[in-house]
Amino acid sequence: MSQVVLEGQRIAIHAGAQGNDAVVGLHDVGFKTLLSRLGISTTWGAGERYILFTTPEPKIISFALGDVRYDAGEVSGQAGFAPYERGGEVYLPFYTLLRAVGFEPKIDGGETILQSQVEVDIQSRGQAARVLMHAGVPLAGRLIASSGNRIVYQFDGVGSTLERTRRVHAGGIDEIRIEQSGSVRAPVTRVTFVLSDGANASEMPSENNHDFQLAINGGRGRQVAAATAAPAPSPSPVETASPKSVVAVTAVDAAQSQDGFSVRIAVSGNASFEWHRLLDNRWYVDIHGATLQAPPRDETQTAPSVTSLRVHQVSGDSVRVALTLTGPKLVDVNPGADGLTLLAHNEDDDMLARSGSGSIGGNAVATAAPTSEGWKFKPAPAKTYVPTNPRLIVLDPGHGGSDAGAQRGGLSEKTLTLDISQRLRALLIVRGWQVQLTRTTDIDVYAPNDSAKEELQARVDVANNTGARLFVSVHVNSFVNDAPNGTTTYYYKTEDRQLAQAVHDRLTSANLGTKDDGIIKNNFYVVVHTAMPAILIETAFLSNPNDFALLQSSAWLQRIAKAIADGIGEYAGAPVAAGSGQR
Ligand SMILES: [Zn+2]
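Residues numbered from 1 in each chain as written. Predicted model: local features only at pLDDT ≥ 70, side-chain atom pairs only at ≥ 80, totals over all residues.

Caption draft 1: Structural view of the overall build of the protein. For the protein, the helix and strand inventory stands at eight helices and 43 strands. Against the 2.2 N^0.38 benchmark of 25 Å for 583 residues, the protein shows a C-alpha radius of gyration of 27 Å, consistent with a compact globule. For the protein, the spread of C-alpha atoms along the principal axes amounts to about 85 × 65 × 35 Å. Within the protein, the fraction of its 583 residues that count as buried is 41%. Nonlocal contacts in the protein, meaning residues at least 24 apart in sequence, comprise 62% of its contacts between residues at least 6 apart. (Helix = DSSP H or I, 4+ residues; strand = E, 2+ residues; numbered from the N terminus. Rg over C-alpha atoms; globule rule 2.2 N^0.38 Å. Buried ≥ 20, exposed ≤ 12 C-beta atoms within 10 Å, placed from the backbone. Contact = placed C-beta atoms within 7 Å.)

Caption draft 2: Fine view of the nonpolar core. One finds Val 267, Ile 393, Val 472, Ile 535 and Ile 564 to be the most contacted residues of the largest nonpolar core, which totals 123 residues. Among the elements that make up this core, the one with the highest residue count is helix H8 (residues 554–572) (eight residues). Not counting the four nearest positions on each side in its chain, Ile 564 is found in contact with Leu 424, Val 472, Val 503 and Ile 537. With 19 residues, the next largest nonpolar core counts Tyr 153, Phe 155, Ile 173 and Ala 199 among its residues. (Core = buried A, V, L, I, M, F, W, Y, C linked by C-beta atoms within 7 Å.)

Caption draft 3: Region of the structure containing the sheet that holds strand E11 (residues 89–93). Strands sit in the order E3-E4-E11-E10 across an open sheet of four strands; the sheet is antiparallel. If you trace the sheet from one side to the other, it starts and ends with strand E3 (15–18) and strand E10 (84–86), each paired once. In this sheet, adjacent strand axes meet at a mean angle of 30° when their direction is disregarded. Direction of pairing for E10 relative to E11: antiparallel, over a ladder of three bridges. Looking at the pairing, Glu 85 lines up with Val 90 of E11. (Pairing = 2+ DSSP bridges. Axes fitted to C-alpha atoms, helices over the stretch in contact; angles between N-to-C directions.)

Caption draft 4: Seen up close, the pairing of strand E4 (residues 21–25). Here E3 runs beside E4; their pairing, made up of four bridges, is antiparallel. Within E4, the position partnered with Ala 17 by the bridge is Ala 22. Where E3 folds back onto E4 in an antiparallel hairpin, the turn is made up of two residues, including Gly 19, whose phi is positive at roughly 60°. Of the strand pairs in this sheet, E4 and E11 are connected by three bridges, and their pairing is antiparallel. When the bridges of E11 are listed, Val 24 appears paired with Leu 92.

Caption draft 5: Fine view of the confidence of the model for the protein. When pLDDT is averaged across the protein, the result is 85; 90% of the residues are at 70 or more. Note that pLDDT drops below 50 for residues 579–583; the model gives that stretch four contacts with residues more than four away or on any other chain. (pLDDT = per-residue confidence, 0-100.)

Caption draft 6: Expanded view of the sheet that holds strand E36 (residues 389–397). As summarised here, the arrangement of the six strands in space is E39-E36-E40-E43-E41-E42, forming an open sheet in which the pairing is mixed. The two strands at the open ends of the sheet, each matched to only one other strand, are strand E39 (434–437) and strand E42 (516–521). The average undirected angle you get between the axes of adjacent strands in this sheet is 20°. Strand contacts of helix H4 (residues 452–466): E36, E39 and strand E40 (468–477), with the helix running at about 175° to E36, the strand carrying the most contacts. Docked against the sheet, helix H5 (residues 497–508) engages E40, strand E41 (487–491), E42 and strand E43 (534–541), running at close to 170° with respect to E41.

Caption draft 7: Focus on the domain arrangement of the protein. Under the domain assignment used here, the protein contains domain 1 (2–114), domain 2 (117–225), domain 3 (247–368) and domain 4 (389–572). A C-alpha centroid distance of 28 Å is found between domain 3 and domain 4. Contacts between the two partners involve 12 residues from domain 3, matched on the other side by nine residues from domain 4. Contributing elements (two or more residues each) for the side of domain 3 that touches domain 4: strand E32 (329–336) and strand E35 (365–368). Of the residues forming the side of domain 3 that touches domain 4, the biggest block, three residues, is contributed by E35. For the side of domain 3 that touches domain 4, a count of residues per class yields six nonpolar, four polar and two charged. (Domains from an automatic or database assignment. Nonpolar A, V, L, I, M, F, W, Y, C, P; charged D, E, K, R; others polar.)

Caption draft 8: Region of the structure containing the packing of helix H3 (residues 413–430) against H8. It is at 8 Å that the axes of H3 and H8 come closest, and there the two elements cross at 50°. When the axes of H3 and H8 are compared, the pair comes out oblique. In this structure, H3 meets H8 at a crossing whose hand is right-handed. Touching Asp 419, Ile 420, Arg 423, Leu 424, Leu 427 and Leu 428 of H3 are Leu 557, Gln 558, Ile 560, Ala 561, Lys 562, Ile 564, Ala 565 and Ile 568, all from H8. Of the residues that constitute the contact of H3 with H8, the class distribution is 10 nonpolar, one polar and three charged. (Parallel < 35°, antiparallel > 145°, perpendicular 65-115°, else oblique. Left-handed = near helix turned anticlockwise from the far one by under 90°.)

The structure is reproduced here in structure tokens:
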């Protein structure tokens, strides 16, 4: 029995010395308590070779039984000893794990003090740099000195094993000096930034209290400006359509093309819309907060999918565009900055949403309600797709780089989708799959500020070029008001449907705490153009308070990743062993 001390609190853990390391059992109660305090989740099942630890960031530390090497995020290292199994228990190199998650074990008075270590990351670009400091405990920096070209910050409660002096000479920073003082139990780390002539530093708000950020500018006179408070979680930056301004429907153009019957509705500003599909194949969309400036229409059409088109002002502030469809046709609803485009497909469809809503203008968005009874699912003969790599699953973390996706209170869709995808990757690897992510960092997959099509095609290419078995795209939803909420699984191709069902079943039975928004057929680019079974999951709504709270919980992100992994397993079974040919 030994005591470890984390932030002043004692936890009893059965850990014994083993070489330069210490050994701990995976199921030790104290060890589990420690992991839960640190927000770390564990993945291991009897008979499995890999043991994974996922931090809240998430950073994934993976050990393999019998192997002294381990991976921590992008770096690999040598553990104090190889993890081993005995009598149903797995024994792990405790100190190696602690260091991998940012703690240095220090012995003091018969106790093991877990001293959080500060990490310093410098990203420079031209004359500017961003300094990101991170610790496994809350990190507060105090400016204690600023003179000449030096500024000094003090961080209480964290230590450092970093090199004392780091010469940078980039982005306005010449050098960084790090000194640790204080005691083992109450360490103090001081960081001195020596700036280039004319450079200045300012504190930046951080996404969470474990980070501290400075922006360095190589240009003007030196000054240290205190940061404004970190963004509070409550105010929603999600823009709402403004019903006050006078918004007009200025034109409605219809055309028949190879893809189907398209209707382009030009709208002069922000407006919300909602559409409905009636059981007799009538379909209409109401644009709210708008007046009709274009001439009303009431016309017969001779398109394969549409027999009539009507455009009217239906109330003081709603314009209705109504179609009579020739059968159960999918109607795509694509809002944009300057209006709404509809496309009624020529072919009949099997499962169709009955209603949906969204907004037009600055923050164009569309959602569809779950498919309900009334439409029969007619399975078509599946195309035979043969994966060239049947062990490979491609995961697509939505958005990234210049495209943040939905945002609220410091949380970005692009960060959440990558987080969930990394957790999912780790779970799938443990189950024997090879996994490739379309992006592993905060980047655009094609290029910054590229077109949506270039960006999405680049993601599709990753899956198609590697001949993957499956493709799963992960997103977070948002809406102009806080009402819509829940989890939706989208599919498009016939061969996607079964995968969507299997994953959605697991999502709804995993007690995620989100509403079941169903399985919806929709022509999302990445689902349509991938050669293999593909789905797109809208995990939850950032714009809804309940969903927003869930998205802030790393335990919830882990649960949803596990549910998706379980659904994939349900659908695809276990991966074939390497070299045993195609399934
Ligand atoms: Zn998205």
